Amino acid sequence: MNKESLLLVIESKREELHVSALRFGMNSKEVLQISEELDKLIITYQLLKTS
């Protein structure tokens, strides 16, 4: 996956996180799982950016 497509996935995951937080609350299992997925995507992006 290239940096540009990864950025699109990150933005989509951020939106999903926002919607889920509004729907389920910040401390829900769903929001925690999405947040962890977003963290992994961001780390992947940072690694790609520095390589």
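This text follows the structure it describes.
Residues numbered from 1 in each chain as written. Predicted model: local features only at pLDDT ≥ 70, side-chain atom pairs only at ≥ 80, totals over all residues. Heavy atoms only, no water.

### A word on the overall build of the protein chain
This is how it is decided: Runs of E in the DSSP output that reach at least two residues are strands. Runs of H or I that reach at least four are helices, and both are numbered from the N terminus. A 1.4 Å probe and the Shrake-Rupley method give the accessible areas. Residues count as covered only by the protein chains that appear here. Charge assignment: positive for Lys and Arg, negative for Asp and Glu; neither His nor the chain ends contribute. Every charge is mapped to an atom, namely NZ of Lys, CZ of Arg, CG of Asp or CD of Glu.
Assigned secondary structure in the protein chain consists of two helices and zero strands. Reported as C-alpha extents along the three principal axes, the dimensions of the protein chain are approximately 35 × 15 × 10 Å. By element, 57% of the accessible surface of the protein chain is carried by carbon and sulfur atoms, the whole surface being about 4,100 Å². A gap of 3 Å separates the mean positions of the 7 positive and 8 negative side-chain charges of the protein chain.

### What to know about helix 2 (residues 29-50)
Threshold: An expected span of 1.5 Å times one less than the residue number is assigned to each helix. Accessible area is worked out with a 1.4 Å probe on protein chains only. A residue is then buried under 20% of its type maximum, exposed over 50%, and partly exposed in between. This arc describes the spread of directions from the helix axis toward the C-beta atoms.
Between its first and last C-alpha atoms helix 2 spans 32 Å; for 22 residues at 1.5 Å apiece the expected length is 32 Å, and the two agree. For helix 2, the full list of buried residues reads Val31, Ile34, Leu38, Leu41 and Tyr45. The buried residues of helix 2 occupy one face: seen down the axis, they fall within an arc of 90°. Along helix 2, exposed side chains directed more than 90 degrees from the buried face belong to Lys29, Leu32, Lys40, Leu47 and Thr50.

### Concerning the nonpolar core
The test is simple: In plain words, nonpolar cores are sets of buried Ala, Val, Leu, Ile, Met, Phe, Trp, Tyr and Cys residues tied together by side-chain atoms within 4.5 Å. Whether two residues touch is decided by their heavy atoms; if any such pair falls within 4.5 Å, the residues are in contact.
Membership of the largest hydrophobic core is limited to five residues, which are Leu6, Ile10, Leu38, Leu41 and Tyr45. Ranked by residues supplied to this core, first place goes to helix 2 with three residues. Contacts of Leu41, omitting those with residues within four sequence positions, involve Leu6, Val9, Ile10 and Lys13.

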